[in-house]
Amino acid sequence: RYNSTNNDAKFGTLGGLNTTVGEFHFIFRVDATTQVLHRVGLASGLEQALPTNGIYAQFANNSGCTVTGSDTGWVYSTRSAGTSSTASGPTLTANTWVHLRIRSVTAGAWRFSVSVDGAAFSTEQSLSTNVPSGNMAPVFLTVPCEAAYKYMTVDLYHGFVATQR
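Residues numbered from 1 in each chain as written. Predicted model: local features only at pLDDT ≥ 70, side-chain atom pairs only at ≥ 80, totals over all residues. Heavy atoms only, no water.

### Quick look at the nonpolar core
Here is the rule we go by: In plain words, nonpolar cores are sets of buried Ala, Val, Leu, Ile, Met, Phe, Trp, Tyr and Cys residues tied together by side-chain atoms within 4.5 Å. Only protein chains enter the area calculation, which uses a 1.4 Å probe; residues under 20% of their type maximum are buried, those over 50% are exposed, and those in between are partly exposed. Each helix is a run of H or I in the DSSP string that is no shorter than four residues. Each strand is a run of E no shorter than two, and both are numbered from the N terminus.
Phe26, Phe28, Trp74, Tyr76 and Leu100 are the most contacted members of the largest nonpolar core, which has 25 residues in total. When residues of this core are traced back to their parent elements, those giving at least two are strand 3 (20–30), strand 4 (36–43), strand 5 (54–62), strand 7 (73–80), strand 9 (98–106) and strand 10 (109–116). The element contributing the most residues to this core is strand 3, with 4 residues.

Take a look at the structure:
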């Protein structure tokens, strides 16, 4: 478990994802869906402000963070040089295991889906605009937007990329 006072968990850096194919898996659960910002996926930064580049799922249900919102479900995003494209994902429920799958089978197009507590994956949502080329790293981010602690329990990160031939 990682405590929200740390605000982030980050691994190695990847680049050139606009010209490759690959698949990334993130398994985690969160304890809160109010007054919180969650971001999971690949991003160029770990701050609560929107990253310059990213391929991620975000949940913002708060009024006290830099990124505010009233989401009830995931918002999938591709973000390049500060410009985003988004698609809606399924509802987020606290204390359930979320398996986020982000994959590309064609260079420049990324598909997002979620499995909750081991159920079948949701219908994939695809984004092919504002796909970043800059360096990014896997990120699990939870930001509490009030004085109370919020946490994310991380079970797994797994990914691979291959240059399309």
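### With respect to the state of the cysteines
Rule in force here: To count as a disulfide, a pair of cysteine sulfur atoms needs to be within 2.5 Å.
Enumeration according to the criterion identifies 1 disulfide in this entry. Shown here is the disulfide that connects Cys65 with Cys145, its sulfur atoms set 1.7 Å apart. As the torsion about the S-S bond is roughly -90°, the Cys65-Cys145 disulfide counts as left-handed. With Cys65 in the loop between strand 5 and strand 6 (69–70) and Cys145 in the loop between strand 12 (137–144) and strand 13 (151–163), the pair connects residues that are 80 residues apart, well separated along the chain.

### Thoughts on unusual backbone geometry
Here the phi dihedral of Ala81 falls at roughly 50°; this positive angle occurs in a residue that is not glycine. With respect to the helices and strands, the residue Ala81 is situated in the loop between strand 7 and strand 8 (83–91). Judged by its relative accessible area of 62%, Ala81 falls in the exposed class.

### Some points on the packing of aromatic side chains
This is how the line gets drawn: Centres within 6.5 Å are what make two rings of Phe, Tyr or Trp a pair, Trp counting through its six-membered ring; a difference in plane orientation under 30 degrees is then read as stacked, over 60 as edge-to-face, and the rest as tilted.
By the definition in use, this model includes 7 aromatic pairs. Here Phe26 and Phe140 contribute two aromatic rings whose centre-to-centre distance is 5.7 Å and whose plane-to-plane angle is 70°, an arrangement assigned as edge-to-face. Taken together, the positions of Phe26 in strand 3 and Phe140 in strand 12 put the pair 114 residues apart, joining distant regions of the chain. A relative accessible area of 0% means that Phe26 is categorised as buried. Judged by its relative accessible area of 0%, Phe140 falls in the buried class. Judged by centre distance (4.9 Å) and plane angle (15°), the ring pair of Tyr76 and Phe112 falls under stacked. Here Phe112 lies in strand 10 and Tyr76 lies in strand 7, a separation of 36 residues in the sequence. For Tyr76, a relative accessible area of 0% translates into the label buried. Overall, the relative accessible area of 0% leaves Phe112 in the buried class.

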